[in-house]
Amino acid sequence: MSNWVNIAIDGPAGAGKSTVAKLVSEKLSFLYIDTGAMYRALTLAVLKSKTNPSSETDVSELLNHSHIQLIVDQEGSRVLLNDEDVTLDIRSSEVNQLVSLVSSYQAVREEMVKRQRQLAGTTNSVLDGRDIGTYVLPYANLKVFLTAAVSERARRRHQEQIAKGMPSDLEQLKVDIAKRDELDSTRAIAPLKKAEDAVEIDTTALTIPEVVQAITELAKERTA
Ligand code: CDP
Ligand code: CDP
């Protein structure tokens, strides 16, 4: 157990994890660690280098040579892959469709978890992902499991992509999200599931400030 305070936020795609984790980290002056962005950056590296995504060895070898950085500064949060800003590229539908496969490999997960524990072991932090409370940080001070109905999660992603001027197909998003839920929840290693001691919050009918408020209050209670 580290001396730093760690907050784990897990849940399926579109539940609001990254939006809420970022705002909670700002309120508490904690570091925000977007673990999904790390898996997405590796997936983009696989696509760019034309690595065979079905080969665990090739993908994990690529990870060993990939420099993935999560940067939070005045310009907001950015993701760098080998010093190139890939913040937008990692959200493409090509990445969405491949990321669960790339994330399912044991060698990949071991290396990613090592990097995540290193980051969380050096400062107070909020981490969001799929296995933070169950596996990466089993002693986190607070574990939150965020959920929402699939239709609502797809609607949120659709609105987000339209707002960014990206192409978006609501029905396709529903299919992709449901498929990713299935793959992430049924994989052999560190599947998506609520930790026994996590607080579950269904965000379907909640606003972002409501969720942020609830988590911030829980964090203050736990660390008082
Ligand atoms: O933002 P969204 O919920 O769509 O996904 P994300 O958090 O960016 O994660 C993308 C994918 O990475 C997930 O669907 C998982 O396959 C994988 N992931 C994981 O396996 N473990 C984590 N701790 C975080 C993400
Ligand atoms: O990280 P995750 O995939 O769990 O979700 P997100 O990327 O934080 O949220 C997906 C979208 O839903 C964003 O555009 C949020 O602004 C929106 N959202 C919302 O409308 N209401 C909430 N309670 C949470 C998120």
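It should be noted that the structure appears before, not after, this text.
Residues numbered from 1 in each chain as written. Chains lettered and ligands numbered in written order. Predicted model: local features only at pLDDT ≥ 70, side-chain atom pairs only at ≥ 80, totals over all residues. Heavy atoms only, no water.

**A short note on the sheet that holds strand S7 (residues 142-147)**
With parallel pairing, the five strands of this open sheet are ordered in space as S2-S6-S1-S7-S8. Every interior strand has two partners, whereas the edge strands, strand S2 (31-34) and strand S8 (199-202), have only one. Averaged over all neighbouring strand pairs, the angle between strand axes comes to 20 degrees, with direction disregarded. Of the pairings in the sheet, the one linking strand S1 (residues 6-10) to S7 comprises four bridges and is parallel in character. (Pairing = 2+ DSSP bridges. Helix = DSSP H or I, 4+ residues; strand = E, 2+ residues; numbered from the N terminus. Axes fitted to C-alpha atoms, helices over the stretch in contact; angles between N-to-C directions.)

**Regarding the site of ligand 1**
Around ligand 1 there are 19 residues in total, and Arg 40, Arg 109, Arg 157, Arg 180 and Asp 184 lie nearest to it. Between Arg 109 and ligand 1, the recorded distance is 2.8 Å, taken from a side-chain N or O atom to an oxygen atom. Side-chain polar atom of Arg 180 to an oxygen atom of ligand 1: 2.7 Å apart, as the coordinates give it. Elements with a contribution of two residues or more to the shell around ligand 1: helix H2 (35-49), helix H4 (93-102) and helix H8 (170-186). For the shell around ligand 1, the element with the highest residue contribution is H2, accounting for four residues. Residues belonging to the shell around ligand 1 are distributed by class as follows: three nonpolar, six polar and ten charged. (Near = heavy atom within 4 Å. Polar contact = N/O pair within 3.5 Å; in protein donor to acceptor, adjacent residues only side chain to side chain. Nonpolar A, V, L, I, M, F, W, Y, C, P; charged D, E, K, R; others polar.)

Don't take any of this as a statement about function, it's just geometry.
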